[in-house]
Amino acid sequence: MSRDIRIKKGLDIKLVGGAEKTTKSSTLSSIYAVKPEDFHGIIPKLIAKEGAEVKAGEALFYSKGDERVLFPSPVSGKVVEIIRGARRKVLAMKIAADSNQEYKEFGTKDAAKMSAEEVKNHLFASGCWPFVKQRPYDVVANPNQAPKAIFVSGYASAPLAADLDYTLAGKEAELQAAITAVSKLTEGKVHVSVGANSNSPLSSLTGVELHKVSGPHPSGNVSTQIAKIDPINKGEVVWVITPQDLVIIGELLLTGKFNATRTVALTGSKFSKPQYVTAIAGATIADVTAKNLENDNTRIISGNVLSGKQVKEDEFLGYYDNQITAIPEGDDYEFFGWTKPVFNKISTSRALTFSWLNPKKKYDLNTNTNGEHRAFVVTGSYEDVFPLDIYPMQLLKAFMYKDLDEMEALGGYEIAPEDFALTEFICVSKQPHQNIIREGLDLMREELG
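So, a few notes on the structure that sits alongside this text. Since this is a predicted model, take the numbers as computed values, not measurements.

**Concerning the pattern of salt bridges**
Phase 1: Evaluation of the coordinates by the stated rule reveals 15 salt bridges.
Phase 2: Between Lys21 and Asp163 there is a salt bridge, and its shortest N-O distance comes to 2.9 Å. Of this pair, Lys21 sits in the loop between β1 (3–6) and β2 (23–25) while Asp163 is found in the loop between β12 (149–153) and α2 (164–167), placing the two residues 142 residues apart along the sequence.
Phase 3: What makes Asp163 partly exposed here is its relative accessible area of 24%.
Phase 4: Taking the shortest distance from any N to any O, the salt bridge between Lys94 and Glu81 comes out at 3.7 Å. Of this pair, Lys94 sits in strand β9 (residues 90–97) while Glu81 sits in strand β8 (residues 77–84), placing them 13 residues apart in sequence.
Phase 5: Residues participating in the shared-partner salt-bridge network are Lys133, Arg135, Asp138, Glu418, Arg438 and Asp442.

What follows is the structure in structure tokens.
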């Protein structure tokens, strides 16, 4: 039996360039990269050196905080370059892929017969532990803590997000194996959320509590679902795993191989044919988008337009990402700007904007923020798109002046940067909400643990 979660506050940003439901296999990239910055809060200690030969699934580095947490190579090949920044910080490890892929063998497992400790050790050894993230702080989970529940959001509501019903089709066996395994890591429930009208393979899983979600974005954000199902209090921890990562864990259990292949959505108006492609995590963007991208004054984003990261063609697909978005770069200025009636932009305000007249219209937006950074202006508009039981303006200010007591009291444990992507989008003050939240969460983690 499922429970319904209905969200009223939020905003659906409808853009042109949604992916057609056809999947193309991308060619194997010559170079892949694993970037430690994708695993926020991790300090890497290298295992593989330049020139080392590695198999897919073989560890490249481990976390300085817990040497059991390994980070594997997504492909077999040779480590050709370790890029370092200031103070020799490791920025990326590049691997030249073999033409014929070899996988490190981890052995098949029957998840139903494994103990919690065996599951944890198997995830450590295979490099799958980084797929488990935790709240509070939105970082790779601390294996020494016991989560009160595990959450899986199978409903993606972000602009142009991949249709998870489509990308997960046919993966029922992998999903069930992974759920059976990870459910042993908590004494609480495994909460799985799907769209109210979806036909998700997650709906047929056993051993989970199913929730059906409806409403505008950010109804698909896992923080929104946690707040409605089982809010986090001080001292409590929940773990979060995405469905696409569950597939990798499930395949590991069923085949004994670490296969980081994902179905990636190519979306946005700058793709000549928005569609799905299969690609391995860390692939070169140019190879994944080959012969499809109109790279003329284009912003390429690994992830969605609200919370993704800007990349160039010679950079790499993010470790957790299953979407690449390409939209026009907004590096020009409009004559008279917002002083005339505006019909081609989305706004929650009705002052000279008319998107509210046609809520189903799709827009070809660019990256122009249509304004400059300034001090916070109190408009009360954040609350209209923010469904959590939190005062967003007050929390942002507390995070800016770093008052730990207020950060705790106003709900700092319940949030992740992506929860403030919509308030950032509509912000008339052009404040970097997600950066403010990320820096504040890092401070809370450092000072409060």
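Picking up after the structure, the text goes on.
**Some remarks on the sheet that holds β1**
Phase 1: In space, the seven strands of this open sheet follow the order β1-β14-β13-β12-β15-β10-β11, with mixed pairing throughout. Each having just a single partner strand, β1 and β11 (139–140) make up the two edges of the open sheet.
Phase 2: Strand direction decides the pairing type here: strand β10 (residues 133–135) and strand β15 (residues 238–240), joined by three bridges, are antiparallel. Pairing of Gln134 across the sheet is with Trp239, part of β15.
Phase 3: Along the sheet face, helix α4 (residues 222–229) touches β1, β10, β12, β13 (190–195), β14 (209–214) and β15 and points at about 130° away from the line of β12.

Parameters at a glance
- Residues numbered from 1 in each chain as written.
- Predicted model: local features only at pLDDT ≥ 70, side-chain atom pairs only at ≥ 80, totals over all residues.
- Heavy atoms only, no water.
- Salt bridge = Lys/Arg side-chain N within 4 Å of Asp/Glu carboxyl O.
- Helix = DSSP H or I, 4+ residues; strand = E, 2+ residues; numbered from the N terminus.
- Buried < 20%, exposed > 50% of the residue type's maximum accessible area, 1.4 Å probe, protein only.
- Pairing = 2+ DSSP bridges.
- Contact = heavy atoms within 4.5 Å.
- Axes fitted to C-alpha atoms, helices over the stretch in contact; angles between N-to-C directions.

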